[in-house]
Amino acid sequence: MFKKDGEFAEGGETVIARGVKLEGDFNSQGNVIVEGEVSGSVTTSSDLRVSESAKINADVKARNAVVAGQISGNTKIQDKLELMETASIDGDIETGVLSVAPGARVNGRIVMGGDTVSEAVKGNKKENKKSEKNADMAEDEI
Amino acid sequence: MYYYIYDEFVQDKRFEKELFQIENRLTDLGISGKIGRLALFKDAAELIRDEARRGAKTVIFVGNDRTINRALKVLPELKVTFGILPMGEEENIYAKILGMPQGFAACDVISARIIKPMDIAKVNDRFFLSRVSIPNTRVPLLCEGSYRLAPTDAGDIEIRNWGRMDKSQNCVGNPEDGLLDLIIEAKLGRKKAGSTDLKLKFIDIRVKEQISIHIDGERVNGNNFKIKIAPSKVRWIVGKERLF
């Protein structure tokens, strides 16, 4: 879960830093921080932070998210989505709770409420299982 | 049954007295055993394989990181416990990570037999314990077959298994999590951009033009590299001062 300032409460998170580009389907079970460029999809069953420098051209799914950067794609957040002043989202949003700071930009449909987002989490878990299976298959080969 | 592999350099006269004391202590502790002595053309892996066939259950490398590196290929294939008795002035990073004190003091730690199953990693057919690095590169990494990751400008890539020691002598990397740590220190122009940090089970590198990668410091050239990890594959004797 996030602390007040949007930082993760615990360490060990995945970081996609500025100066790095990720292309493809990224799945994680832990907290994720995106500061660089991502195209494809981003899915985590934990929390996501999109920093001001981040440019995401992808569909995003997470439990909670704090967004200060740009997202072009649909965003499905199970619990709480927090849009900071510098956030820019071009795409539809589905979330349990939405917090929008003055200055944040949203171009898309917004759907809020618990029922709409439960499927996002189911989807996350399914995709995580799929990527784990791929990884385990490779591990067996060693 | 214990089997001790003496590196070539510990057979030097200047280590004679220290070795004598160590051998006496091992006898006192009831863990003395057969001794194998490495030489220029002796294959450490072959020596260990032979002794394992004859019933050795514990193999102790007497030397440094290079002593272990000479036998890496045999570690995952044998049901044997390994240890290091560090000697000499050269790098003993593995010993520090494992919490093995230098020389004579290691005898008691070996005798205490705290055993941890630890990961071993592989680049193509070659095993490594510490890390793979690719300095100043834009090479794309295919991560777990599902996404591609690359520095946009340039960056230093490091893929860690046991990891390395940082400036404060802490271990960077976890040798028993069953995962590789991928670190990309990206640069934008001459400035450091940020540090990308992921945990993965396997990474593929496929490039048209040959590149150089460094496996535990040794340079290897190639176009295709598959880097993967075998979790908890090798049993190691560790000390209480271990860094993980």
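What counts and how
- Residues numbered from 1 in each chain as written.
- Chains lettered and ligands numbered in written order.
- Predicted model: local features only at pLDDT ≥ 70, side-chain atom pairs only at ≥ 80, totals over all residues.
- Heavy atoms only, no water.
- Helix = DSSP H or I, 4+ residues; strand = E, 2+ residues; numbered from the N terminus.
- Buried < 20%, exposed > 50% of the residue type's maximum accessible area, 1.4 Å probe, protein only.
- Areas by Shrake-Rupley, 256 points an atom, 1.4 Å probe, with all protein chains shown as cover.
- Phe/Tyr/Trp six-rings, centres within 6.5 Å; stacked < 30°, edge-to-face > 60°.
- Contact = heavy atoms within 4.5 Å.
- Buried area = accessible area lost by both parts, 1.4 Å probe.
- Salt bridge = Lys/Arg side-chain N within 4 Å of Asp/Glu carboxyl O.
- Polar contact = N/O pair within 3.5 Å; in protein donor to acceptor, adjacent residues only side chain to side chain.
- Pairing = 2+ DSSP bridges.

Draft legend 1. Broad picture of the overall build of chain A. When helices and strands are counted, chain A shows one helix and 13 strands. The proportion of buried residues among the 142 residues of chain A is 46%. Just so you have it, chain A exposes about 6900 Å², and 44% of that area is on carbon and sulfur atoms.

Draft legend 2. Structural detail: the packing of aromatic side chains. Residues and elements named next belong to chain B. The tally for this structure, following the rule as stated, stands at seven aromatic pairs over all chains. Aromatic side chains Phe 61 and Phe 82 sit 5.9 Å apart centroid to centroid with 15 degrees between the ring planes, which places their arrangement in the stacked category. Remark: Phe 82 occurs in strand β4 (residues 81-86) and Phe 61 occurs in strand β3 (residues 58-63); sequence separation between them is 21 residues. The buried category is assigned to Phe 61, whose relative accessible area is 0%. Accessibility expressed as a relative area gives 0% for Phe 82, which makes it buried. A connected cluster of aromatic rings, assembled from ring pairs, spans Phe 61, Phe 82, Tyr 94, Trp 162 and Trp 236.

Draft legend 3. Representation of the interface of chain B and chain A within the structure. Facing the 26 residues of chain B at the interface are 22 residues of chain A. Taking both sides of the interface into account, the surface hidden between chain B and chain A amounts to around 2000 Å²; carbon and sulfur atoms contribute 59%. Connecting chain B to chain A are zero salt bridges. Our count for the contact surface shared by chain B and chain A stands at six residue pairs in polar contact (both at pLDDT 80 or more). Looking at the side of chain B that touches chain A, the elements that each hand over two or more residues are β9 (147-151), β13 (180-188), β14 (191-200) and β16 (218-238) of chain B.

Draft legend 4. Fine view of unusual backbone geometry. Residues and elements named next belong to chain B. Of note in this structure, Asn 136 is not a glycine but carries a positive phi near 40 degrees. Positionally, Asn 136 belongs in strand β7 (residues 131-137). Of note, the phi angle at Glu 144 is positive, near 45 degrees, even though the residue is not glycine. Locating Glu 144 in the fold gives a position in the loop between β8 (141-143) and β9. Judged by relative accessible area, which is 14%, Glu 144 ranks as buried.

Draft legend 5. Spotlight on the pattern of salt bridges. All names here are of chain B. Across all of its chains, the model carries 24 salt bridges over all chains by this definition. Here Glu 77 and Arg 49 are joined by a salt bridge, their closest N and O atoms 2.5 Å apart. Here Glu 77 is found in the loop between α3 (65-69) and β4, whereas its partner Arg 49 is found in helix α2 (residues 44-53), with 28 residues between them in sequence. Under the relative-accessibility criterion, Glu 77 is labelled partly exposed at 45%. For Arg 49, a relative accessible area of 19% corresponds to the buried category. A salt bridge links Asp 50 to Arg 53, with the shortest nitrogen-to-oxygen separation between them at 3.0 Å.

Draft legend 6. Looking closely at the environment of Asn 221 of chain B. Residue and element names in this part refer to chain B. Of note, Asn 221 is situated in strand β16. By relative accessible area, Asn 221 is classed as partly exposed at 44%. As a C-alpha pair, Asn 221 and Gln 210 span eleven residues in sequence and 6.4 Å in three-dimensional space. Dropping the residues within four chain positions of it, Asn 221 is found in contact with Gln 210, Ile 211 and Ser 212. Among the polar contacts listed, one links the side chain of Asn 221 to the side chain of Ser 212, at a separation of 2.5 Å.

Draft legend 7. Broad picture of the pairing of β4 of chain B. Residues and elements named next belong to chain B. Of all the six residues making up β4, six are buried; the element is thus mostly covered by neighbouring parts of the structure. When β3 meets β4, the two strands line up parallel, connected through six bridges. If you follow Gly 63 over to β4, its bridge partner there is Pro 86. Sheet analysis places β4 next to β16, joined by two bridges and oriented parallel. Of the residues in β16, the one forming a bridge with Phe 82 is Trp 236.

Draft legend 8. Seen up close, the side chain of Thr 137 of chain B. Residues and elements named next belong to chain B. Structurally, Thr 137 is set in strand β7. By relative accessible area, Thr 137 is classed as buried at 11%. Among the polar contacts listed, one links the side chain of Thr 137 to the backbone nitrogen of Val 139, at a separation of 3.0 Å. Not counting residues up to four positions away in its chain, the partners in contact with Thr 137 are Pro 151, Ala 154, Gly 155 and Ile 157.

Purely geometric numbers; function is a separate question.
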